[in-house]
Structures are given as C-alpha cells and as structure tokens.
Amino acid sequence: MPRKWTPILSTLSAGIILLSQICQAQAQAAKFTQDPKCGSTKGCYTDCAQSCTFEVAWEDKGTAVTFTIRYDLESKTDVWAAIGISEDMKMGSDNVVECHYESGTVIAKRSQNTGKMNIAAEQTGLQQTQGSVADGVLTCGFDIQKSAINLDADSYLFFANGPIFPKQINGKSMHSHIPKISPSMVDFQSAQVIGGTAIQLLIKVHGLLMISAWIAFASIGVVLARYYKPMWAERKLLGEKVWFQIHRTLMILTLLFVISAFVVIFVHAEGWSQFSDDEEYKKAHPYLGVIVTALTFINPLMALFRPHPDDQYRFVFNWAHWFVGTVARILAVITIFIGVTLSEAGAPEYVIYILAAYVAYQLFIELVMEFHECCVVRANTGKGTAYEMKNISDPGSETPAAVNRGRKFKNVMIGLHTVVIAGFTVAILVSVA
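Being a predicted model, the structure only gives us computed values, none of them experimental. (Residues numbered from 1 in each chain as written. Predicted model: local features only at pLDDT ≥ 70, side-chain atom pairs only at ≥ 80, totals over all residues. Heavy atoms only, no water.)

S.K.: Could you clarify how one ought to interpret the sheet that holds strand β2 (residues 54-60) in this entry?
M.R.: Sheets are built from strands paired through backbone hydrogen bonds, the pairs being either parallel or antiparallel. Read across the sheet, six strands follow the order β8-β9-β3-β2-β1-β12 without closing on themselves; strand pairing throughout is mixed. Whereas interior strands pair on both sides, the edge strands pair on one side only; in this sheet they are β8 (126-134) and β12 (193-194). Sheet topology note: the strand β3 (residues 64-72)/strand β9 (residues 137-145) ladder contains nine bridges and is antiparallel. In the strand pairing of β9, Asp72 is matched with Val137. (Pairing = 2+ DSSP bridges. Helix = DSSP H or I, 4+ residues; strand = E, 2+ residues; numbered from the N terminus.)

Spelled out as structure tokens, the structure:
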C-alpha cells in the first residue's frame, strides 16, 4: 500500500471506532422522568428534557430545606452522588452533601471542598430522610438545617458523581464526570426549574482555538503542501514559492492557535484534568491533547534544521516531517471528537455528525487529488520529482507541460476546498460556541 494512503485509512478507522464508542455510550444510558412537582412546589436542577440522568430537587421548610437527589446508576454499584453549594463556579470552600450507595445501602453525609480537595466534615445539621435504589435509579433525600448551611443566600449548585473504592480516602474516588454547575445562582426558597450547565468561557475558547487550528488552517495547509508544489511556478511571494508561503503561514497559525489553546485550558483547570471512571474514550482527551501539542511544536522545529534540497539526507527530513505532521493531524481530529462529547464543553450532540461529515469530506478530497495526481499528472512523467521551495526549473525537473498538466482542475479544487472547509469551520464553531 502506498504510504500516502496510510493516514487516510488510519483516520477512517479511528473515526469509525470512536463514533461506535460514542453511540454505544449514549445508547447505554438509562433514563427516568422529571418529578412532576418541579416548578410547582419544588425547585429542581436537572438535565431532564424528555428523560433524565440526574435531578436535584429542593423544597423550603422554614428552618430547613429538604433535598432529593435522583441519579441514573447506569448499571453501576458502589457509587456516590453529591451536591455542592458554592458562592462561585469553581471548586473552593464549598459545603457538600454526598450520598453513598454501597453494599445495597444509601447513606447521606456531609463533606467540605477545600481548593481541589474534598475532606470529611462534621455531620451537624444533616438528617437523612430517604435512601433507596429502584430500577437502576438512586434516590437520596435529606434535610439541611439553615443554621448549619446558609441556604437563605443564593448559591451555585453543583452535581457530581463517582465510584467508591475502599482504599480511597473517605472510601470514594474523584468524580467520574466533570461536575454539572447551575448556569445561574439558585434561590432555595423558590420553585424554579434550572437546566443546563454553566458556560465555562475558557473551555469554550480552548475548543474554538483547536477547531480553528485543525479544521480550518491545517486542512488547507496540508493539501497545499501535498498537491500544489508545482503550481504557480512563475510566481514568488516574498522571495519564496507561493504554495510554500501559504503553507507556512497556515501551519504557523495552527501552531500559535494550538499553543494558545493549551495554555488556556491549563489556566482554567489550574493544573491537570483527570477522569477517574468515565467512558474509556473520554479519559484519553487530556493525554492526546498534550501529545498533539508536542507534535505540533516539534514539526516546525524540525523544519528550521532541514537539510538543503540537494543534501543526501534530505529524504530523512521529508519522511520525519510527513510522519509527525500526519500523526498530529489524525490525533488532533480524534481529540476534537472526544472534546465535544465532554459535558463541560456544552456542545450539542449533533456537532458529532458535522465533524463526521468533515472527516468524510477531507478523505474524499484527498482521494480525488491523489487519483488526479497518479492518473493525470504522473501517468506520463514517470516517478516524478520532489518540488522544493525554490528553483522549480532546475535541470532535471519536469517539463512545463508536465508541471501544467491539470492546472485548471487544481485551481478549481483548491477554491472549492477552501470554501467547503470554511463552511465546516463556521458550522462547528457556531455549534460549539
């Protein structure tokens, strides 16, 4: 198999596997319906539309507030589900009530967030009223005295869940999903119904930068480098060939956007983001992100030290540049697929299908260009020549007829490719933003 088809087939295989895992994970989620008292006698924070995976209901009782947590266990046992009451949208000095389901028993207990740690707290002011599991749904009810936690003040409401491991501190592991955060402060004396999760601005910026880098800039830059080296041979842009200047500009933009996205997400997370028991494919996101960033930085760094075109070891650079760039590009698209499924990204489910359409289009355009290159341009020119940045008309290069063969087709295709990629980029950016 020609090496140039390897990244195409690898991308297709990885995309099919990832899509099947995402669909399987979504199909496995059991649901329950919203409490009919939500919005009348109870306030609720929930993800219910037609069905639910979690629901936190509250009802003011004067000196106390009664809370009820319902959570879809997804066939899991030995888990915890908790609410956090916070003055802001960050995990800090927050009061927490967690419900442990272990060995068939549901127990409510208080704890405290201190920075990024969670520690046990005094159990004063908490009285459990209900604890059961039926049809795969955990139900945990409790009263919180206002003398113990100030529930007269509006606060942000967190919902988190995770597994219980006996060897972990307090018997529980960190949350398996990124916590849900109410998009506005909650009035625990009201019967308001709240849905969704707070928009994390830096997370949105991170995603938009990565999408711009890989869907827009890299998609065009790679096609130019692969198929347009002999084009516009008579023209120079700032002393270099046109294809090279455009390719270099697009890949520098890719590098700058990726580094910016990398910095932004670390600033937001204030360190490393982990997923302890989430769907397997989601655990890979932060690790893949680091690998992609490293490869994106390495490739232009190698280009600074590339040998002269006539050097006998030039082929080593060519292979290394191609390999690192290809791996970075494949992993970047996979990482974006995973990123838009993360709950904290707040992206609609249909964005997966837009991304899948983009991958299918990118594979199609590269196959078309490869077919044109093999069957039209190279059919009558033998093995062909490697087009470098300068001096395309050096002795030994192809004839003008060979260079110009298919010029009109290529001009049409690069224009079409630019328009289509711009369309995909705008559609994905708007959906995510």
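S.K.: Any chance you could explain the state of the cysteines here in plain terms?
M.R.: As used here, a disulfide is simply a covalent bond connecting the sulfur atoms of two cysteines. Within this structure, the stated rule accounts for three disulfides. Across the disulfide, Cys38 is cross-linked to Cys44 (sulfur-sulfur distance 1.9 Å). An S-S torsion of about -75° defines the bridge between Cys38 and Cys44 as left-handed. The class for Cys38 is buried, based on a relative accessible area of 11%. The disulfide bridge from Cys48 ends at Cys52, spanning 1.7 Å between sulfur atoms. A torsion of 115° about the S-S bond marks the disulfide between Cys48 and Cys52 as right-handed. (Disulfide = S-S within 2.5 Å. Buried < 20%, exposed > 50% of the residue type's maximum accessible area, 1.4 Å probe, protein only.)

S.K.: Quick question: what am I supposed to make of a nonpolar patch on the surface here?
M.R.: A contiguous nonpolar patch, built from Leu202, Ile259, Val263, Val267, Phe297, Ile298, Leu301, Leu304 and Phe305 and spanning about 840 Å² of accessible area, is present on the exposed surface. Secondary-structure elements contributing two or more residues to the nonpolar patch are α3 (242-269) and α5 (285-304). Ranked by residues supplied to the nonpolar patch, first place goes to α5 with four residues. Structurally, Leu304 can be placed in helix α5. On the basis of relative accessibility, which here comes to 67%, the residue Leu304 falls in the exposed class. (Patch = residues over 30% accessible without salt bridge, like charges linked within 9 Å, V, L, I, M, F, W, Y side chains within 5 Å. Areas by Shrake-Rupley, 256 points an atom, 1.4 Å probe, with all protein chains shown as cover. Salt bridge = Lys/Arg side-chain N within 4 Å of Asp/Glu carboxyl O.)

S.K.: Teacher, can you tell me more about the packing of aromatic side chains here?
M.R.: How two aromatic rings sit relative to each other is set out by the distance from centre to centre and by the angle between their planes. One pass over the structure, following the stated rule, counts eleven aromatic pairs. A ring pair is formed by Phe54 and Phe159, whose centres lie 4.5 Å apart and whose planes are at 10°; its orientation type is stacked. Highlighted residues: Phe54 in strand β2 and Phe159 in strand β10 (residues 156-163), separated in sequence by 105 residues. Residues Phe54 and Phe159 agree in their burial class; the two are buried. (Phe/Tyr/Trp six-rings, centres within 6.5 Å; stacked < 30°, edge-to-face > 60°.)

S.K.: So what exactly am I meant to see when it comes to the sheet that holds strand β11 (residues 180-181) here?
M.R.: Spatial ordering of the open sheet is given by β7-β6-β5-β4-β10-β11, a layout of six strands whose pairing is antiparallel. Since the sheet does not close on itself, it has two edges, and those belong to β7 (117-120) and β11, each with one partner. Alignment of β10 against β11, held across two bridges, turns out to be antiparallel. By the bridge assignment, Phe158 is partnered in β11 with Ile181.

S.K.: Hey, could you run me through the pattern of salt bridges in this one?
M.R.: Evaluated as defined, the whole model comprises six salt bridges. Residues participating in the shared-partner salt-bridge network are Asp60, Lys146 and Asp152.

S.K.: Would you explain the pairing of β10 in this entry?
M.R.: Regular strands show a simple pattern: their side chains alternate between the two faces of the sheet. The buried fraction of β10 is high, at eight of eight residues. Neither face of β10 is open: one carries Tyr156, Phe158, Ala160 and Gly162, the other Leu157, Phe159, Asn161 and Pro163, and all of them are buried. As paired elements, strand β4 (residues 79-86) and β10 share eight bridges and run antiparallel to each other. Across the sheet, Val79 pairs through a bridge with Pro163, a residue of β10.

S.K.: Would you mind showing me how to read the nonpolar core here?
M.R.: Where a protein is soluble and globular, its nonpolar side chains tend to be buried together. Residues Trp214, Tyr228, Val340 and Ile428 are the most contacted members of the largest nonpolar core, which totals 51 residues. Looking at this core, the elements with two or more residues in it are α2 (201-227), α3, α5, α6 (314-339), α7 (351-377) and α9 (407-432). With residues up to four places along the chain from it excluded, the contact list for Val340 reads Ala345, Ala347, Val351, Ile352, Leu355 and Val432. Formed by 30 residues, the second largest nonpolar core is a distinct cluster that contains Val56, Trp58, Leu138 and Leu157. (Core = buried A, V, L, I, M, F, W, Y, C linked by side-chain atoms within 4.5 Å. Contact = heavy atoms within 4.5 Å.)

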